[in-house]
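Letter by letter, the chains look like this.
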Amino acid sequence: MHLPDWKPRAELRALPLSWLDAAGVEVAMLHLEEIDALISGNKWFKLAPHLERACQEGADGVVSLGGAHSNHLHALAAAGKRFGFPTVGLLRGEPQDTETVQELQAFGMQLHWLGYGAYRSRHQAGFWAPWLQRYPGYVAVPEGGGGLDGAHGCMGLVMMIREQLESIGWKDYDALWLAAGTGTTLAGLVLGEVGRHPVYGALAVPPGHGVDKQVRAILQQAGVPDEGYHLVDASRGGFARLDVAVARCLLETEQEAGVTLEPLYTAKVLLALREQVEAGDIPRGSRLVVLHTGGLQGRRSLELRLQQLASAPDPR
């Protein structure tokens, strides 16, 4: 395997929204979704250290896990096609013909459907052994590009933000906000901040699904205290759970701010942030940075559902 010296850079821009103006709160968004048409969002930053390790070990290819709409597998497969290394995807559940799956195959990724029981065993000792026997010379990458390697790849996002503050007229900011699915990117930001600013992780999965344990484990492995971050339940009752509030927040934000969102992560971050702003929990004069972590390719299967929800009567 060989990777080019590709170090994409995301732009930091002010996010103009009326509810922020009314509360006297400023938000800037780091647009990771714009770094590349296919290898988008925070996924590359988590993947890069794993791929560098694979190159150093002289690996023949990479195998990883995800679902039928996985942003992680999509980015990995696209990187494999572009940079010329084989990829294998182990997928959750039974075979599905989604647009994401079609593109994984078009990118040349070899797919294996594990069912649900086998997929749940992915954290058990010995899970990878038969797959690495089947694909000798391949390197296994954790689900979502997780672990300390993935977190190290996200540390540089803090400097990427700091280097652009002057361009938006800021000298500093008060906190970082982002969606947390596995907690890897959040842990990377905590490591990058080294205590300068708190990091708020809006949970895309319900509390109790292990994000707190994952973050704690990464920070412990890095040798730093388990502090400097806060977890906020933004899951709306479950991963991939959508409701009227999420759909309206997404579509209203797109119309007002001219930014394209996806509903499972970034839209839920903005909704959780809006709830705190309107409740008065965030002081007037605060300056916050929100990470747009990408995932737009996964929105395609949810478009009709979003429109239906947005036009439904308000349950309140």
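About the thresholds
- Residues numbered from 1 in each chain as written.
- Predicted model: local features only at pLDDT ≥ 70, side-chain atom pairs only at ≥ 80, totals over all residues.
- Heavy atoms only, no water.
- Helix = DSSP H or I, 4+ residues; strand = E, 2+ residues; numbered from the N terminus.
- Rg over C-alpha atoms; globule rule 2.2 N^0.38 Å.
- Buried < 20%, exposed > 50% of the residue type's maximum accessible area, 1.4 Å probe, protein only.
- Contact = heavy atoms within 4.5 Å.
- Areas by Shrake-Rupley, 256 points an atom, 1.4 Å probe, with all protein chains shown as cover.
- Expected span 1.5 Å × (residues − 1).
- Bend = angle between axes of the 7 residues up to and from the residue.
- Pairing = 2+ DSSP bridges.
- Right-handed = clockwise from strand over helix to strand, strands pointing away.
- Axes fitted to C-alpha atoms, helices over the stretch in contact; angles between N-to-C directions.
- Parallel < 35°, antiparallel > 145°, perpendicular 65-115°, else oblique.
- Left-handed = near helix turned anticlockwise from the far one by under 90°.
- Salt bridge = Lys/Arg side-chain N within 4 Å of Asp/Glu carboxyl O.
- Polar contact = N/O pair within 3.5 Å; in protein donor to acceptor, adjacent residues only side chain to side chain.
- Disulfide = S-S within 2.5 Å.

Trainee: It is not clear to me how the overall build of the protein should be interpreted in this structure. Could you clarify?
Mentor: From N to C terminus, the protein includes 12 helices and 10 strands. The C-alpha radius of gyration of the protein comes to 19 Å, within 12% of the 20 Å expected for a compact globule of 316 residues. Taken along the three principal axes of its C-alpha coordinates, the protein extends 60 × 45 × 35 Å. Counting only residues that meet the buried cut, the protein has 54% of its 316 residues in that class. A fraction of 72% describes how many contacts in the protein between residues 6 or more apart in sequence connect residues 24 or more apart. About 14000 Å² of surface is accessible on the protein, with carbon and sulfur atoms providing 49% of the total.

Trainee: Would you take a moment to explain helix H2 (residues 43–56) for this structure?
Mentor: An α-helix turns once per 3.6 residues; consequently, residues spaced three or four apart project the same way. Over its 14 residues, H2 extends 20 Å from the first C-alpha to the last, a length consistent with the 20 Å expected when each residue adds 1.5 Å. The largest bend along H2 reaches roughly 25° and is located at Pro-49. Extensive coverage of H2 is indicated by the burial of 10 of its 14 residues. Among the residues of H2, Lys-43, Trp-44, Phe-45, Lys-46, Leu-47, Ala-48, Pro-49, His-50, Leu-51 and Ala-54 are the ones counted as buried. In this structure, the buried side of H2 is in contact with strand E3 (61–66), helix H3 (71–83), strand E6 (138–140), helix H7 (147–162) and helix H8 (184–193). After H2 finishes, the residue Gly-58 shows a positive phi value of roughly 70°.

Trainee: Can you help me understand the pairing of strand E4 (residues 87–91) in this one?
Mentor: One face of the sheet, then the other: side chains in a regular strand alternate in exactly this way. With 5 of 5 residues buried, E4 lies mostly within the body of the structure. Burial along E4 is two-sided: the face carrying Thr-87, Gly-89 and Leu-91 and the face carrying Val-88 and Leu-90 are both buried. Pairing between E3 and E4: 5 bridges, direction parallel. Bridging across to E4, Gly-66 finds its partner in Leu-91. Of the crossover connections in this fold, the one passing from E3 over H3 to the parallel E4 is right-handed. With 4 bridges connecting them, E4 and strand E5 (residues 110–113) associate as parallel partners. Paired with Val-88 across the strands is Gln-110, a residue of E5. The β-α-β motif built from E4, the intervening helix H4 (residues 99–106) and the parallel element E5 has right-handed crossover chirality.

Trainee: Where do I start with the sheet that holds E4 in this structure?
Mentor: What links the strands of a sheet is backbone hydrogen bonding, and the strands pair in either a parallel or an antiparallel sense. Spatially, the 4 strands line up as an open sheet ordered E5-E4-E3-E6, and their pairing is parallel. In the strand order of this sheet, the two ends are held by E5 and E6, each with one partner. Neighbour-to-neighbour, the strand axes of the sheet open up by a mean angle of 25°, direction not taken into account. Against the sheet, H4 contacts E4 and E5, and its axis sits at roughly 135° relative to E5.

Trainee: What is the right way to read the sheet that holds strand E9 (residues 229–233) from this model?
Mentor: Taken in spatial order, the 6 strands of this open sheet run E1-E2-E10-E7-E8-E9, and their pairing is mixed. In the strand order of this sheet, the two ends are held by strand E1 (11–14) and E9, each with one partner. The average angle at which neighbouring strand axes cross in this sheet is 25°, direction not considered. For E1 and strand E2 (residues 26–31), the ladder comprises 4 bridges, and the chain directions are antiparallel. Directly across from Leu-12, in E2, lies its bridge partner Leu-30. With respect to the sheet, helix H9 (residues 211–222) is in contact with strand E7 (175–180), strand E8 (199–203) and E9, its orientation differing from that of E9 by roughly 165°.

Trainee: How should the packing of H2 against H3 be read in this particular structure?
Mentor: In a packed pair of helices, the relevant descriptors are the angle between the two axes and the axis-to-axis distance. Look at H2 against H3: their axes get within 10 Å of each other, and the N-to-C directions meet at 55°. Between H2 and H3, the crossing angle belongs to the class labelled oblique. Between H2 and H3 lies a crossing of right-handed hand. Every residue of H3 that contacts H2 at Lys-43, Trp-44, Leu-47 and Leu-51 is listed here: Asn-71, His-72, Ala-75, Leu-76, Ala-79 and Phe-83.

Trainee: Whenever I open this one, the pattern of salt bridges confuses me. Can you help?
Mentor: Oppositely charged side chains are able to pair whenever their charged atoms sit close together. Scanning the model with the defined rule gives 19 salt bridges in all. We note a salt bridge from Lys-7 to Asp-5, for which the minimum N-O separation is 2.3 Å. Judged by relative accessible area, Asp-5 falls into the exposed class, the value being 67%. One network of salt bridges, with partners in common, ties together Glu-11, Arg-13 and Glu-34.

Trainee: Is there a simple way to explain the side chain of Gln-297 in this structure?
Mentor: Tracing the backbone shows Gln-297 in the loop between strand E10 (287–292) and helix H12 (303–310). Looking at Gln-297, its side chain comes within polar contact range of the side chain of Asn-71, at 2.9 Å. Among residues more than four places away in sequence, those in contact with Gln-297 are His-69, Ser-70, Asn-71, His-74 and Thr-100.

Trainee: Sorry, what's going on with the state of the cysteines here?
Mentor: A covalent bond between the sulfur atoms of two cysteines is what we call a disulfide. Using the criterion set out here, one finds 0 disulfides in the structure. You can see Cys-55 has no disulfide; the closest cysteine sulfur is in Cys-154, sitting 18 Å from it.

Read these as spatial facts, not as claims about activity.
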